[in-house]
Amino acid sequence: GYIGSHICVELLGQGYDVTVMDNLANSNEKALRRVEEITGKKLRFYEADIRDRSAYDEIFSQNEIYGVIHMAGLKAVGESVRKPLAYFDNNVSGTIVLLEKMKEHHIKRIIFSSSATVYDLTQGECLTEKSPIGNSTSPYGRTKLVIEQMLADLYHSDARWSIVMLRYFNPIGAHVSGRIGEDPNGEPNNLMPYITQVAVGKREKLNIFGNDYDTPDGTCIRDYIHVMDLAGGHSKAVRKLEEQGLFIYNLGTGQPQSVLAVVHAFEKANGLKINYAIAPRRAGDAPKYYANADKAKTELNWEAERGIEDMCRDSWNWQKNNPEGYR
Ligand code: UD1
């Protein structure tokens, strides 16, 4: 997938061997071939579902697995409202199968892709790992929360586990080569892929969901993070797996940006005009939140290095070179 392929580039670049398991539900095998092309290294790929018990027996016996990075989650907020059982089945039941099989094969190191959506977004704007959690506005968000709680209970039952939960803010951007990037199925739900599809002529205009929020320009504020910085956070988290414990980190820049600011940054970075209109608010959107990422800096020696211009340039470089994504 989008984030996983960038993590593969980062880890292969750091000298790790990488084995990928994916059911290709929201991803494309071509991304892996391009990861190999970018890095000049090979990885192993198993096409299998997270709930497929026998696949783990094969993968864990054929490979020497140091630890698992688990990002096999469904993540479309609106779809999760329509199909809650599919979300709980894939995300929660899938994680239970993964953890049971890891335990059976004596692998007790895991990094989990969590989300800022686990925070109670009514309780503050600048979020630290100690900010209150809960009150999710979608089934998707609740699956992330349940998995975090399950991982904490697992650690409390057996302190030999090493568990790192990474709470992503808003990943955008692409590898600087323009060979891998975000390739959503159908109409994009998220801001940046929508902007790039307008820029490439696939969509007529961007709808900005609300300009009457209590923010300086009236549009919502988020913490956008370059996907390669996010990937760098994972390689630092892999080092953390050397320690037994339960660790939680925000991965964000701490630099809040409004929707309109992102649109304008995109126009400026790429010398393009984006056609947009103001539309009604989208249900469930919080007006403003962003990361305090100090803990990752102190404990992982990680911080985001790329700014909004880099994110906008690299997103566009990917989209213009791949107007149809991987197809
Ligand atoms: C959402 C989820 C987050 C999830 C992420 C990735 C919540 C609260 N947030 O983040 O958990 O990890 O998606 O799937 O559940 N916007 C527009 N027009 C568009 C698209 C977006 O104006 O066409 C605005 C939104 O209103 C929002 C901002 O852009 O203010 C960012 O939206 P989006 O990219 O969808 O991310 P989040 O909603 O922040």
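For the structure, check the block above.
Worth saying up front: this structure is predicted, and the values here are computed from it rather than measured.

Quick notes on the rules
Residues numbered from 1 in each chain as written. Predicted model: local features only at pLDDT ≥ 70, side-chain atom pairs only at ≥ 80, totals over all residues. Heavy atoms only, no water. Helix = DSSP H or I, 4+ residues; strand = E, 2+ residues; numbered from the N terminus. Expected span 1.5 Å × (residues − 1). Bend = angle between axes of the 7 residues up to and from the residue. Contact = heavy atoms within 4.5 Å. Near = heavy atom within 4 Å. Polar contact = N/O pair within 3.5 Å; in protein donor to acceptor, adjacent residues only side chain to side chain. Areas by Shrake-Rupley, 256 points an atom, 1.4 Å probe, with all protein chains shown as cover. Buried < 20%, exposed > 50% of the residue type's maximum accessible area, 1.4 Å probe, protein only. Axes fitted to C-alpha atoms, helices over the stretch in contact; angles between N-to-C directions. Left-handed = near helix turned anticlockwise from the far one by under 90°. Nonpolar A, V, L, I, M, F, W, Y, C, P; charged D, E, K, R; others polar. Pairing = 2+ DSSP bridges.

Undergrad: Please explain helix H5 (residues 84-104) as it appears in this structure.
TA: Residues separated by three or four positions in an α-helix point in the same direction, a consequence of the helix having 3.6 residues per turn. End to end, H5 covers 29 Å across 21 residues, agreeing with the expected 30 Å (1.5 Å per residue, within 8%). Maximal helix bending in H5 amounts to about 25°, located at Gly94. Contacts made by the buried residues of H5 are with helix H3 (53-62), strand E3 (68-70), helix H4 (77-82), strand E4 (109-115) and helix H6 (139-157). His106 sits one or two residues past H5 and shows a positive phi near 60°.

Undergrad: How do you make sense of the site of the ligand when you look at a structure like this?
TA: Around the ligand sit 21 residues in total, of which Leu191, Asn207, Arg222, Arg282 and Asp285 are the nearest. Between the ligand and the protein, one listed contact pairs an oxygen atom with a backbone N or O atom of Lys75 at 3.3 Å. Backbone polar atom of Asn189 to an oxygen atom of the ligand: 3.4 Å apart, as the coordinates give it. When the free accessible area of the ligand is taken as 750 Å², the share hidden by the protein chains comes to 92%.

Undergrad: Before we go on, may I ask you to explain the environment of Glu303 in this structure?
TA: Inspection of the secondary structure assignment puts Glu303 in the loop between helix H10 (294-300) and helix H11 (308-321). The exposure class assigned to Glu303 is partly exposed, which follows from its relative accessible area of 44%. The spacing of Glu303 and Thr253 is 50 residues in sequence and 7.3 Å in space, taken between C-alpha atoms.

Undergrad: Looking at this structure, I do not really get unusual backbone geometry. What am I missing?
TA: Of all residues except glycine, most have a negative phi; of all peptide bonds, most are trans. A positive phi angle, close to 60°, is found at Leu24, a residue other than glycine. Mapped onto the elements of the fold, Leu24 is located in the loop between strand E1 (19-22) and helix H2 (29-39). Even without a glycine there, the phi angle at His106 is positive, about 60°.

Undergrad: Help me out: how do you make sense of the packing of H3 against H5 in this one?
TA: Following both chains from N to C, one finds H3 and H5 inclined at 40°, their axes separated by 10 Å at the closest point. Crossing geometry of H3 relative to H5 is assigned as right-handed. Contacts from Arg53, Tyr56, Asp57 and Phe60 in H3 reach Val97, Leu98, Glu100, Lys101, Met102 and Glu104 in H5. Residues belonging to the contact of H3 with H5 are distributed by class as follows: five nonpolar, no polar and five charged.

Undergrad: Explain the sheet that holds strand E6 (residues 162-168) here, please?
TA: One key point about sheets: their strands pair by backbone hydrogen bonds, in either a parallel or an antiparallel sense. Here four strands make up an open sheet; going across it, the order is E3-E4-E6-E11 and the pairing parallel. Each edge of the open sheet is held by one strand with a lone partner, namely E3 and strand E11 (245-251). Each strand of the sheet is rotated relative to its neighbour by a mean of 15°, with strand direction disregarded. Inspection of the sheet shows E4 paired to E6 by seven bridges, in the parallel sense. Within the sheet, the bridge partner assigned to Arg109 lies in E6 and is Ser162. Across the sheet, helix H8 (residues 227-240) is in contact with E3, E4, E6 and E11; its angle to E6 comes to roughly 165°.

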